[in-house]
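Tertiary structure, described
For reference, the chains in residue letters:
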Amino acid sequence: MKSAVETLNPTRVRLTVEVPFEELKDSLDAAYKKINQQVTVKGFRKGKVPARVIDQRFGRGAVLEEAVNDALPKFYTDAVNQAELSPLGQPEVDITELKDGETLNFTAEVDVRPSIEIPDYSGIEVEVDAVEVTDEDVDKSVEQLRERFASTTPVERAAEDGDVVTIDLEAKVEGKVLEDGVAKDVSYTIGSGELLDGIDDAVKGLSAGEEATFTSELKGGSAAGKEAEVTVKVTQVAKRELPELDDEFAQLASEFDTLEELRADSRKRLENMKQYDQATQAQERVLEKLLELVEVPVPEKLLEDEINTRKHNLEHHQLGQMGLTLDKYLEIQGKTAEEFENETREAAIKGIKTQFVLDELVKQEKLNVNQEELTEHLMRRAASSGMSPDQFAQAVVEQGQVPLLVGEVARGKALAVVVEKATVKDTNGEIVDLDDEEEAEAETAEAAAEPTESAEAGDAKAEEKSEG
(Lines give C-alpha, C1' and ligand atoms only; values in the text may rest on other atoms or scores of the structure.)
Protein backbone atom coordinates (compact mmCIF):
# COMPACT_ATOMS: atom_id res chain seq x y z
CA MET A 1 0.00 0.00 0.00
CA LYS A 2 1.20 3.50 -0.86
CA SER A 3 -0.21 6.71 0.55
CA ALA A 4 0.38 10.44 0.25
CA VAL A 5 -0.89 13.41 2.27
CA GLU A 6 -2.07 16.72 0.86
CA THR A 7 -2.66 19.56 3.33
CA LEU A 8 -5.86 21.36 2.32
CA ASN A 9 -5.69 23.86 5.18
CA PRO A 10 -4.15 23.90 8.68
CA THR A 11 -6.91 21.63 10.01
CA ARG A 12 -7.82 19.39 7.06
CA VAL A 13 -5.91 16.92 4.90
CA ARG A 14 -6.56 14.63 1.95
CA LEU A 15 -5.04 11.16 1.95
CA THR A 16 -4.49 9.49 -1.41
CA VAL A 17 -4.12 5.72 -1.03
CA GLU A 18 -3.14 3.08 -3.61
CA VAL A 19 -3.72 -0.56 -2.64
CA PRO A 20 -2.32 -3.45 -4.75
CA PHE A 21 -5.10 -5.94 -5.41
CA GLU A 22 -3.30 -8.81 -3.69
CA GLU A 23 -3.66 -6.92 -0.38
CA LEU A 24 -7.44 -7.37 -0.73
CA LYS A 25 -7.14 -11.17 -0.65
CA ASP A 26 -8.15 -11.61 3.01
CA SER A 27 -11.15 -9.31 2.58
CA LEU A 28 -12.18 -11.09 -0.64
CA ASP A 29 -12.02 -14.45 1.10
CA ALA A 30 -14.09 -13.05 3.97
CA ALA A 31 -16.61 -11.62 1.46
CA TYR A 32 -17.07 -15.00 -0.29
CA LYS A 33 -17.45 -16.69 3.10
CA LYS A 34 -20.06 -14.17 4.26
CA ILE A 35 -22.08 -14.40 1.03
CA ASN A 36 -21.82 -18.20 1.21
CA GLN A 37 -23.59 -18.17 4.56
CA GLN A 38 -26.38 -15.98 3.21
CA VAL A 39 -27.33 -17.66 -0.10
CA THR A 40 -28.72 -20.99 -1.21
CA VAL A 41 -27.75 -22.49 -4.59
CA LYS A 42 -29.36 -25.69 -5.82
CA GLY A 43 -26.85 -28.51 -6.06
CA PHE A 44 -24.52 -27.12 -3.38
CA ARG A 45 -24.55 -27.47 0.39
CA LYS A 46 -25.02 -24.20 2.30
CA GLY A 47 -21.67 -22.54 2.80
CA LYS A 48 -19.98 -24.70 0.13
CA VAL A 49 -20.82 -22.69 -3.00
CA PRO A 50 -17.64 -22.18 -5.10
CA ALA A 51 -16.45 -18.63 -5.70
CA ARG A 52 -16.93 -18.90 -9.49
CA VAL A 53 -20.60 -19.87 -8.96
CA ILE A 54 -21.14 -16.91 -6.63
CA ASP A 55 -19.60 -14.64 -9.30
CA GLN A 56 -21.91 -16.11 -11.96
CA ARG A 57 -25.09 -16.07 -9.90
CA PHE A 58 -24.70 -12.89 -7.89
CA GLY A 59 -22.05 -10.92 -9.73
CA ARG A 60 -18.41 -10.24 -9.01
CA GLY A 61 -19.37 -6.64 -8.24
CA ALA A 62 -21.28 -7.64 -5.11
CA VAL A 63 -18.23 -9.54 -3.83
CA LEU A 64 -15.91 -6.63 -4.56
CA GLU A 65 -18.23 -4.18 -2.81
CA GLU A 66 -18.34 -6.36 0.30
CA ALA A 67 -14.55 -6.82 0.27
CA VAL A 68 -13.79 -3.13 -0.19
CA ASN A 69 -16.20 -2.10 2.59
CA ASP A 70 -14.45 -4.56 4.86
CA ALA A 71 -10.91 -3.48 3.91
CA LEU A 72 -11.26 0.32 3.74
CA PRO A 73 -11.13 1.03 7.53
CA LYS A 74 -7.86 -0.88 7.87
CA PHE A 75 -6.20 0.77 4.87
CA TYR A 76 -7.38 4.20 6.04
CA THR A 77 -6.01 3.58 9.54
CA ASP A 78 -2.69 2.38 8.13
CA ALA A 79 -2.42 5.54 6.00
CA VAL A 80 -3.23 7.74 9.03
CA ASN A 81 -0.59 5.99 11.11
CA GLN A 82 2.03 6.22 8.35
CA ALA A 83 1.44 9.96 8.08
CA GLU A 84 1.38 10.34 11.90
CA LEU A 85 -1.89 12.28 11.77
CA SER A 86 -4.33 13.01 14.60
CA PRO A 87 -7.74 12.82 12.90
CA LEU A 88 -10.86 14.40 14.31
CA GLY A 89 -14.09 12.64 13.45
CA GLN A 90 -14.93 10.46 10.48
CA PRO A 91 -13.27 10.81 7.03
CA GLU A 92 -15.04 11.53 3.76
CA VAL A 93 -13.94 8.59 1.60
CA ASP A 94 -14.12 8.51 -2.20
CA ILE A 95 -13.12 5.42 -4.19
CA THR A 96 -11.40 6.86 -7.24
CA GLU A 97 -10.47 3.60 -8.99
CA LEU A 98 -11.27 -0.08 -8.53
CA LYS A 99 -9.85 -2.46 -11.15
CA ASP A 100 -10.59 -6.11 -10.52
CA GLY A 101 -7.33 -7.97 -10.15
CA GLU A 102 -5.24 -4.80 -10.38
CA THR A 103 -5.70 -2.01 -7.87
CA LEU A 104 -7.89 -0.12 -5.40
CA ASN A 105 -7.36 3.64 -5.17
CA PHE A 106 -9.23 5.95 -2.83
CA THR A 107 -9.01 9.35 -1.19
CA ALA A 108 -10.00 10.29 2.35
CA GLU A 109 -10.51 13.86 3.55
CA VAL A 110 -10.52 14.35 7.30
CA ASP A 111 -10.14 17.10 9.89
CA VAL A 112 -6.95 16.85 11.92
CA ARG A 113 -5.58 18.45 15.04
CA PRO A 114 -3.62 21.50 13.94
CA SER A 115 0.09 21.78 14.52
CA ILE A 116 0.51 24.19 17.45
CA GLU A 117 3.65 25.95 18.54
CA ILE A 118 3.68 26.98 22.20
CA PRO A 119 5.84 30.10 22.71
CA ASP A 120 7.66 31.01 25.92
CA TYR A 121 4.95 31.60 28.51
CA SER A 122 7.15 32.33 31.52
CA GLY A 123 6.51 36.07 31.22
CA ILE A 124 2.74 35.89 31.73
CA GLU A 125 1.50 38.36 34.36
CA VAL A 126 -2.04 38.63 35.72
CA GLU A 127 -3.84 40.57 38.43
CA VAL A 128 -6.42 39.04 40.76
CA ASP A 129 -8.65 40.29 43.55
CA ALA A 130 -6.98 40.69 46.92
CA VAL A 131 -8.09 38.44 49.77
CA GLU A 132 -9.77 40.81 52.19
CA VAL A 133 -12.34 39.83 54.81
CA THR A 134 -14.08 42.76 56.48
CA ASP A 135 -16.01 42.87 59.75
CA GLU A 136 -19.14 43.28 57.64
CA ASP A 137 -18.36 40.01 55.85
CA VAL A 138 -18.04 38.24 59.19
CA ASP A 139 -21.26 39.85 60.44
CA LYS A 140 -23.11 38.61 57.37
CA SER A 141 -21.74 35.07 57.76
CA VAL A 142 -22.72 34.87 61.42
CA GLU A 143 -26.15 36.33 60.63
CA GLN A 144 -26.72 33.62 57.99
CA LEU A 145 -25.88 31.00 60.61
CA ARG A 146 -28.25 32.72 63.01
CA GLU A 147 -31.02 32.55 60.40
CA ARG A 148 -30.59 28.77 60.22
CA PHE A 149 -31.30 28.48 63.94
CA ALA A 150 -34.38 30.69 63.88
CA SER A 151 -37.51 29.31 65.55
CA THR A 152 -41.14 29.92 64.64
CA THR A 153 -44.11 30.49 66.91
CA PRO A 154 -47.72 30.47 65.60
CA VAL A 155 -49.50 33.79 66.14
CA GLU A 156 -53.12 34.90 65.96
CA ARG A 157 -52.72 37.95 63.74
CA ALA A 158 -52.35 39.05 60.13
CA ALA A 159 -49.16 38.07 58.28
CA GLU A 160 -46.28 40.57 58.15
CA ASP A 161 -42.87 40.82 56.46
CA GLY A 162 -40.53 38.11 57.74
CA ASP A 163 -43.32 35.85 59.00
CA VAL A 164 -43.44 32.18 58.00
CA VAL A 165 -46.84 31.31 56.56
CA THR A 166 -48.24 27.88 55.70
CA ILE A 167 -50.23 28.19 52.49
CA ASP A 168 -52.25 26.27 49.90
CA LEU A 169 -51.85 27.27 46.25
CA GLU A 170 -54.02 26.76 43.16
CA ALA A 171 -53.01 28.06 39.71
CA LYS A 172 -55.38 28.50 36.77
CA VAL A 173 -54.51 29.26 33.17
CA GLU A 174 -57.36 30.39 30.94
CA GLY A 175 -59.81 29.45 33.67
CA LYS A 176 -58.62 25.85 34.06
CA VAL A 177 -56.80 24.50 37.11
CA LEU A 178 -53.43 23.03 36.10
CA GLU A 179 -52.76 19.39 36.99
CA ASP A 180 -49.42 20.45 38.47
CA GLY A 181 -50.77 23.78 39.70
CA VAL A 182 -52.06 22.68 43.12
CA ALA A 183 -49.89 22.57 46.26
CA LYS A 184 -50.83 22.05 49.91
CA ASP A 185 -49.10 23.00 53.19
CA VAL A 186 -46.30 25.00 51.58
CA SER A 187 -44.04 26.80 54.06
CA TYR A 188 -43.04 30.26 52.86
CA THR A 189 -41.11 33.12 54.45
CA ILE A 190 -42.63 36.43 53.38
CA GLY A 191 -40.06 38.57 51.59
CA SER A 192 -37.73 35.68 50.69
CA GLY A 193 -38.64 35.84 47.00
CA GLU A 194 -38.54 32.05 46.76
CA LEU A 195 -41.98 31.57 45.22
CA LEU A 196 -44.06 33.43 42.66
CA ASP A 197 -43.84 37.12 41.87
CA GLY A 198 -46.65 38.96 43.64
CA ILE A 199 -47.18 36.43 46.41
CA ASP A 200 -45.70 38.69 49.11
CA ASP A 201 -48.23 41.44 48.50
CA ALA A 202 -51.02 38.84 48.30
CA VAL A 203 -50.37 37.16 51.68
CA LYS A 204 -49.37 40.20 53.72
CA GLY A 205 -52.37 41.25 55.81
CA LEU A 206 -54.03 37.82 55.63
CA SER A 207 -54.80 35.82 58.78
CA ALA A 208 -55.16 32.05 59.05
CA GLY A 209 -58.19 30.90 57.04
CA GLU A 210 -58.16 33.87 54.65
CA GLU A 211 -57.25 33.79 50.97
CA ALA A 212 -56.40 36.11 48.08
CA THR A 213 -56.00 35.89 44.32
CA PHE A 214 -53.22 37.42 42.25
CA THR A 215 -51.76 37.13 38.76
CA SER A 216 -48.22 35.86 38.18
CA GLU A 217 -46.07 34.39 35.44
CA LEU A 218 -45.33 30.73 36.21
CA LYS A 219 -41.62 29.94 36.51
CA GLY A 220 -41.83 26.18 35.93
CA GLY A 221 -44.13 23.26 35.27
CA SER A 222 -46.39 22.47 32.35
CA ALA A 223 -47.38 26.12 31.82
CA ALA A 224 -44.01 27.75 32.44
CA GLY A 225 -43.85 31.29 31.11
CA LYS A 226 -47.65 31.72 31.00
CA GLU A 227 -49.72 34.16 33.05
CA ALA A 228 -51.74 32.36 35.72
CA GLU A 229 -54.43 33.32 38.17
CA VAL A 230 -53.17 32.07 41.52
CA THR A 231 -55.31 31.60 44.62
CA VAL A 232 -53.37 31.49 47.88
CA LYS A 233 -54.96 30.46 51.17
CA VAL A 234 -53.15 31.05 54.47
CA THR A 235 -53.60 28.18 56.95
CA GLN A 236 -51.11 29.38 59.57
CA VAL A 237 -49.09 32.48 60.42
CA ALA A 238 -45.92 32.06 62.47
CA LYS A 239 -43.47 34.63 63.77
CA ARG A 240 -39.76 33.98 63.22
CA GLU A 241 -37.57 34.50 66.26
CA LEU A 242 -33.80 34.72 65.95
CA PRO A 243 -31.55 33.54 68.81
CA GLU A 244 -29.55 36.15 70.70
CA LEU A 245 -25.98 36.60 69.46
CA ASP A 246 -24.11 35.46 72.56
CA ASP A 247 -21.91 32.66 73.85
CA GLU A 248 -24.96 30.43 74.29
CA PHE A 249 -25.71 30.77 70.57
CA ALA A 250 -22.09 29.91 69.71
CA GLN A 251 -22.38 26.71 71.77
CA LEU A 252 -25.71 25.86 70.08
CA ALA A 253 -24.58 26.50 66.51
CA SER A 254 -20.94 25.34 66.59
CA GLU A 255 -18.22 23.51 68.50
CA PHE A 256 -17.03 26.79 70.03
CA ASP A 257 -17.68 28.04 73.55
CA THR A 258 -17.74 31.76 72.85
CA LEU A 259 -19.14 34.08 70.19
CA GLU A 260 -15.68 35.53 69.75
CA GLU A 261 -14.28 32.10 68.81
CA LEU A 262 -17.18 31.54 66.41
CA ARG A 263 -16.51 34.87 64.69
CA ALA A 264 -12.78 34.09 64.43
CA ASP A 265 -13.60 30.75 62.79
CA SER A 266 -16.03 32.46 60.39
CA ARG A 267 -13.31 34.91 59.40
CA LYS A 268 -10.87 32.06 58.74
CA ARG A 269 -13.39 30.15 56.62
CA LEU A 270 -14.16 33.28 54.60
CA GLU A 271 -10.44 33.83 54.03
CA ASN A 272 -10.07 30.25 52.80
CA MET A 273 -13.02 30.67 50.44
CA LYS A 274 -11.64 33.90 49.04
CA GLN A 275 -8.20 32.33 48.61
CA TYR A 276 -9.81 29.51 46.67
CA ASP A 277 -11.75 32.02 44.52
CA GLN A 278 -8.53 33.97 44.03
CA ALA A 279 -6.72 30.83 42.85
CA THR A 280 -9.55 30.00 40.46
CA GLN A 281 -9.45 33.57 39.12
CA ALA A 282 -5.70 33.27 38.62
CA GLN A 283 -6.07 30.05 36.61
CA GLU A 284 -8.74 31.58 34.37
CA ARG A 285 -6.73 34.75 33.70
CA VAL A 286 -3.47 32.89 33.10
CA LEU A 287 -5.30 30.63 30.66
CA GLU A 288 -6.70 33.66 28.82
CA LYS A 289 -3.20 35.15 28.53
CA LEU A 290 -1.82 31.83 27.29
CA LEU A 291 -4.50 31.57 24.58
CA GLU A 292 -3.61 35.09 23.43
CA LEU A 293 -0.02 33.95 22.87
CA VAL A 294 -0.87 30.92 20.74
CA GLU A 295 -2.32 30.89 17.23
CA VAL A 296 -4.80 28.03 17.06
CA PRO A 297 -6.73 27.29 13.85
CA VAL A 298 -10.12 25.70 14.59
CA PRO A 299 -11.62 23.03 12.29
CA GLU A 300 -14.94 24.32 10.98
CA LYS A 301 -16.74 20.97 11.20
CA LEU A 302 -15.54 20.50 14.78
CA LEU A 303 -16.66 24.03 15.66
CA GLU A 304 -20.08 23.41 14.13
CA ASP A 305 -20.46 20.18 16.12
CA GLU A 306 -19.36 21.90 19.33
CA ILE A 307 -21.86 24.77 18.86
CA ASN A 308 -24.67 22.28 18.20
CA THR A 309 -23.69 20.24 21.26
CA ARG A 310 -23.76 23.32 23.49
CA LYS A 311 -27.16 24.39 22.16
CA HIS A 312 -28.58 20.89 22.59
CA ASN A 313 -27.34 20.61 26.18
CA LEU A 314 -28.73 24.03 27.05
CA GLU A 315 -32.15 23.49 25.47
CA HIS A 316 -32.78 19.84 26.31
CA HIS A 317 -31.02 19.49 29.65
CA GLN A 318 -30.48 22.74 31.54
CA LEU A 319 -33.52 24.70 30.33
CA GLY A 320 -35.66 21.58 30.05
CA GLN A 321 -35.18 20.85 33.74
CA MET A 322 -36.31 24.40 34.56
CA GLY A 323 -39.31 24.21 32.24
CA LEU A 324 -38.00 27.04 30.05
CA THR A 325 -37.80 27.38 26.29
CA LEU A 326 -34.80 28.96 24.62
CA ASP A 327 -36.88 31.98 23.61
CA LYS A 328 -38.03 32.49 27.20
CA TYR A 329 -34.48 32.08 28.48
CA LEU A 330 -33.22 34.75 26.06
CA GLU A 331 -36.05 37.05 27.15
CA ILE A 332 -35.08 36.62 30.80
CA GLN A 333 -31.41 37.21 29.97
CA GLY A 334 -32.25 40.25 27.85
CA LYS A 335 -30.40 38.84 24.83
CA THR A 336 -31.27 38.62 21.16
CA ALA A 337 -30.96 35.38 19.21
CA GLU A 338 -28.02 36.91 17.33
CA GLU A 339 -26.22 37.77 20.57
CA PHE A 340 -26.80 34.24 21.85
CA GLU A 341 -25.41 32.75 18.62
CA ASN A 342 -22.31 34.95 18.80
CA GLU A 343 -21.69 34.18 22.47
CA THR A 344 -22.12 30.44 21.90
CA ARG A 345 -19.72 30.52 18.97
CA GLU A 346 -17.09 32.48 20.94
CA ALA A 347 -17.38 30.10 23.90
CA ALA A 348 -17.08 27.07 21.61
CA ILE A 349 -13.98 28.49 19.93
CA LYS A 350 -12.38 29.21 23.30
CA GLY A 351 -13.20 25.72 24.54
CA ILE A 352 -11.66 24.03 21.52
CA LYS A 353 -8.56 26.23 21.60
CA THR A 354 -8.13 25.55 25.31
CA GLN A 355 -8.20 21.83 24.80
CA PHE A 356 -5.80 21.91 21.85
CA VAL A 357 -3.30 24.15 23.66
CA LEU A 358 -3.36 22.23 26.95
CA ASP A 359 -3.09 18.89 25.12
CA GLU A 360 -0.03 20.21 23.27
CA LEU A 361 1.46 21.31 26.59
CA VAL A 362 0.88 17.83 28.00
CA LYS A 363 3.02 16.42 25.18
CA GLN A 364 5.61 19.20 25.35
CA GLU A 365 6.07 18.86 29.12
CA LYS A 366 5.81 15.03 28.98
CA LEU A 367 3.13 14.99 31.67
CA ASN A 368 1.67 11.70 32.90
CA VAL A 369 -1.34 10.88 35.07
CA ASN A 370 -0.95 8.38 37.89
CA GLN A 371 -3.68 6.28 39.50
CA GLU A 372 -3.91 8.47 42.61
CA GLU A 373 -4.48 11.63 40.53
CA LEU A 374 -7.11 9.87 38.43
CA THR A 375 -8.90 8.58 41.53
CA GLU A 376 -8.96 12.05 43.14
CA HIS A 377 -10.35 13.55 39.94
CA LEU A 378 -12.97 10.82 39.68
CA MET A 379 -14.07 11.52 43.28
CA ARG A 380 -14.50 15.24 42.47
CA ARG A 381 -16.46 14.49 39.31
CA ALA A 382 -18.66 12.01 41.15
CA ALA A 383 -19.46 14.59 43.84
CA SER A 384 -20.39 17.24 41.26
CA SER A 385 -22.60 14.75 39.37
CA GLY A 386 -24.52 13.72 42.46
CA MET A 387 -23.44 10.07 42.07
CA SER A 388 -21.48 7.89 44.46
CA PRO A 389 -17.83 7.30 43.47
CA ASP A 390 -18.59 3.62 42.73
CA GLN A 391 -21.59 4.48 40.54
CA PHE A 392 -19.67 7.18 38.69
CA ALA A 393 -16.64 4.92 38.16
CA GLN A 394 -18.85 2.14 36.81
CA ALA A 395 -20.57 4.53 34.40
CA VAL A 396 -17.21 5.88 33.21
CA VAL A 397 -15.88 2.38 32.51
CA GLU A 398 -19.09 1.17 30.81
CA GLN A 399 -19.16 4.23 28.52
CA GLY A 400 -15.45 3.95 27.71
CA GLN A 401 -14.73 7.41 29.12
CA VAL A 402 -11.63 6.62 31.16
CA PRO A 403 -9.33 8.21 28.51
CA LEU A 404 -11.46 11.36 28.63
CA LEU A 405 -10.98 11.65 32.40
CA VAL A 406 -7.26 11.03 32.03
CA GLY A 407 -7.19 13.87 29.49
CA GLU A 408 -8.94 16.22 31.91
CA VAL A 409 -6.42 15.48 34.66
CA ALA A 410 -3.49 15.91 32.28
CA ARG A 411 -4.81 19.30 31.14
CA GLY A 412 -5.14 20.36 34.77
CA LYS A 413 -1.48 19.51 35.30
CA ALA A 414 -0.51 21.37 32.12
CA LEU A 415 -2.28 24.52 33.27
CA ALA A 416 -0.64 24.20 36.68
CA VAL A 417 2.77 24.22 34.97
CA VAL A 418 1.93 27.50 33.22
CA VAL A 419 0.52 29.09 36.38
CA GLU A 420 3.62 28.11 38.33
CA LYS A 421 5.77 30.13 35.93
CA ALA A 422 3.38 33.10 35.75
CA THR A 423 3.53 36.19 37.94
CA VAL A 424 0.29 36.65 39.85
CA LYS A 425 -0.31 39.85 41.80
CA ASP A 426 -3.36 41.00 43.71
CA THR A 427 -4.99 44.41 43.43
CA ASN A 428 -2.76 45.60 46.28
CA GLY A 429 0.33 44.80 44.24
CA GLU A 430 1.28 41.83 46.41
CA ILE A 431 2.66 38.63 44.85
CA VAL A 432 0.16 35.76 45.27
CA ASP A 433 1.52 32.32 46.17
CA LEU A 434 -0.73 29.62 44.72
CA ASP A 435 1.27 26.59 45.87
CA ASP A 436 -1.48 25.50 48.23
CA GLU A 437 -4.26 25.76 45.68
CA GLU A 438 -3.56 22.73 43.47
CA GLU A 439 -7.13 21.46 43.66
CA ALA A 440 -8.43 24.77 42.35
CA GLU A 441 -5.99 24.56 39.45
CA ALA A 442 -7.18 21.07 38.53
CA GLU A 443 -10.86 21.96 38.74
CA THR A 444 -10.41 25.16 36.73
CA ALA A 445 -8.56 23.34 33.96
CA GLU A 446 -11.31 20.72 33.94
CA ALA A 447 -13.97 23.41 33.65
CA ALA A 448 -12.03 25.12 30.87
CA ALA A 449 -11.66 21.96 28.79
CA GLU A 450 -14.91 20.23 29.64
CA PRO A 451 -17.09 22.06 27.06
CA THR A 452 -15.08 20.72 24.13
CA GLU A 453 -17.09 17.52 23.95
CA SER A 454 -16.95 17.46 20.16
CA ALA A 455 -13.16 17.35 20.08
CA GLU A 456 -13.15 14.50 22.57
CA ALA A 457 -15.85 12.73 20.57
CA GLY A 458 -13.86 13.24 17.39
CA ASP A 459 -10.81 11.61 18.94
CA ALA A 460 -12.92 8.75 20.28
CA LYS A 461 -14.60 8.15 16.92
CA ALA A 462 -11.26 8.19 15.14
CA GLU A 463 -9.93 5.64 17.64
CA GLU A 464 -13.02 3.50 17.17
CA LYS A 465 -12.58 3.75 13.40
CA SER A 466 -8.98 2.61 13.64
CA GLU A 467 -10.02 -0.37 15.77
CA GLY A 468 -12.65 -1.26 13.17
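By the naming in an unreviewed UniProt entry, the protein chain is Trigger factor, taken from Streptomyces composti. Its UniProt record gives the protein chain a comment under Function (unreviewed entry), which states: "Involved in protein export. Acts as a chaperone by maintaining the newly synthesized protein in an open conformation. Functions as a peptidyl-prolyl cis-trans isomerase."

Thoughts on the sheet that holds strand 1 (residues 2–9)
With antiparallel pairing, the four strands of this open sheet are ordered in space as 1-2-4-3. Unpaired on one side and paired on the other, strand 1 and strand 3 (87–99) mark the two borders of the sheet. On average, each strand axis in the sheet is inclined to that of its neighbour by 20°, with strand direction left out of account. Pairing analysis gives seven bridges linking strand 1 to strand 2 (residues 12–20), with the strands arranged antiparallel.

As for the packing of helix 7 (residues 259–293) against helix 13 (residues 402–421)
At a minimum axis separation of 10 Å, helix 7 and helix 13 run at an interaxial angle of 90°. On the basis of their axis angle, the class for helix 7 and helix 13 is roughly perpendicular. From helix 7, Gln283, Val286, Leu287 and Leu290 reach across to helix 13, where they touch Leu415, Val418 and Val419. In terms of residue class, the contact of helix 7 with helix 13 is built from six nonpolar, one polar and no charged.

A word on a negative patch on the surface
A surface patch of like charges, here negative, comprises Glu244, Asp246, Asp247, Glu248, Asp257, Glu260 and Glu261. Listing elements by their share of the negative patch, those giving two or more residues are helix 6 (247–253) and helix 7. In this structure, Glu248 sits in helix 6. Judged by its relative accessible area of 61%, Glu248 falls in the exposed class.

Some points on the environment of Leu324
If you trace the backbone, Leu324 turns up in the loop between helix 8 (300–322) and helix 9 (326–333). The class for Leu324 is buried, based on a relative accessible area of 18%. Once residues lying within four places of it in the same chain are set aside, the contact partners of Leu324 are Lys219, Leu319 and Ile332.

Details of the nonpolar core
Counting residues in each nonpolar core, the largest one holds 37 residues, and the members touching the most others are Tyr121, Ile124, Leu290, Val357 and Leu361. Those elements that provide at least two residues to this core are strand 5 (125–128), helix 7, helix 8, helix 10 (337–364) and helix 13. The next biggest cluster of nonpolar side chains, apart from the first, holds 30 residues, and it includes Leu28, Ile54, Ala67 and Val110.

Examining a nonpolar patch on the surface
Residues Val93, Ile95 and Leu98 make up a contiguous nonpolar surface patch of roughly 210 Å² in combined accessible area. Tracing the backbone shows Leu98 in strand 3. With relative accessibility at 35%, the residue Leu98 sits in the partly exposed group.

A short note on the pairing of strand 11 (residues 423–426)
Residues Val424 and Asp426 point to one face of strand 11 and are all buried, whereas Thr423 and Lys425, pointing to the other face, are not buried. Relative to strand 11, strand 5 runs parallel, the two sharing four bridges. Counterpart to Glu127 in the pairing with strand 11 is Lys425.

Description of the side chain of Lys311
Looking at where Lys311 falls in the secondary structure, it is placed in helix 8. In this structure the side chain of Lys311 is engaged in a polar contact, spanning 2.8 Å, whose partner is the side chain of Glu341. Each residue touching Lys311, except ones within four places of it in the same chain, is listed here: Phe340, Glu341 and Thr344.

What counts and how
- In this numbering scheme, every chain counts its residues from 1 along its sequence in written order.
- A pLDDT threshold of at least 70 governs which residues receive local features in this predicted model, and a stricter bar of 80 or more applies before side-chain atom pairs are shown or counted, although totals over entire chains, interfaces and linings include all residues.
- To get the side-chain values, all heavy atoms of the structure are used, and hydrogens and water are removed first.
- UniProt positions are given in the numbering used here, feature names are shortened, and annotations may be inferred rather than shown by experiment.
- If DSSP finds at least two bridges between two strands, the strands pair.
- We count a stretch as a helix when DSSP gives it H or I for four or more residues in a row; a strand needs E for two or more, and each element gets its number in order from the N terminus.
- Helix axes are fitted only over the stretch in contact, all axes being lines through C-alpha atoms; the angle between N-to-C directions runs from 0 to 180 degrees.
- Each angle gets one of four labels, with under 35 degrees taken as roughly parallel, over 145 as roughly antiparallel, 65 to 115 as roughly perpendicular, and the rest as oblique.
- In this description, contact between two residues means that some pair of their heavy atoms is separated by no more than 4.5 Å.
- Ten residue types, Ala, Val, Leu, Ile, Met, Phe, Trp, Tyr, Cys and Pro, are classed as nonpolar, four, Asp, Glu, Lys and Arg, as charged, and the remainder, Gly among them, as polar.
- Each patch is built from residues lacking any salt bridge and having more than 30% relative accessible area; the joining distance is 9 Å for like charges and 5 Å for nonpolar side chains (Val, Leu, Ile, Met, Phe, Trp, Tyr).
- Using the Shrake-Rupley algorithm and a 1.4 Å probe, accessible areas are obtained, with residue cover drawn only from the displayed protein chains.
- Basic side-chain nitrogens of Lys or Arg form a salt bridge, by our definition, when they fall within 4 Å of a carboxyl oxygen of Asp or Glu.
- The charge count includes Lys and Arg as positive and Asp and Glu as negative, but it does not include His or the ends of the chains.
- Here the site of a charge means atom NZ of a Lys, CZ of an Arg, CG of an Asp or CD of a Glu.
- Relative accessible area decides the class of each residue, using a 1.4 Å probe on protein chains only: under 20% of the type maximum gives buried, over 50% gives exposed, and in between gives partly exposed.
- Residues grouped as a nonpolar core are buried Ala, Val, Leu, Ile, Met, Phe, Trp, Tyr and Cys residues, joined through side-chain atoms within 4.5 Å.
- By the criterion applied in these results, polar contacts are pairs of N or O atoms within 3.5 Å in which, for protein atoms, one can donate a hydrogen and the other can accept it, and in which residues neighboring in sequence qualify only through two side-chain atoms.

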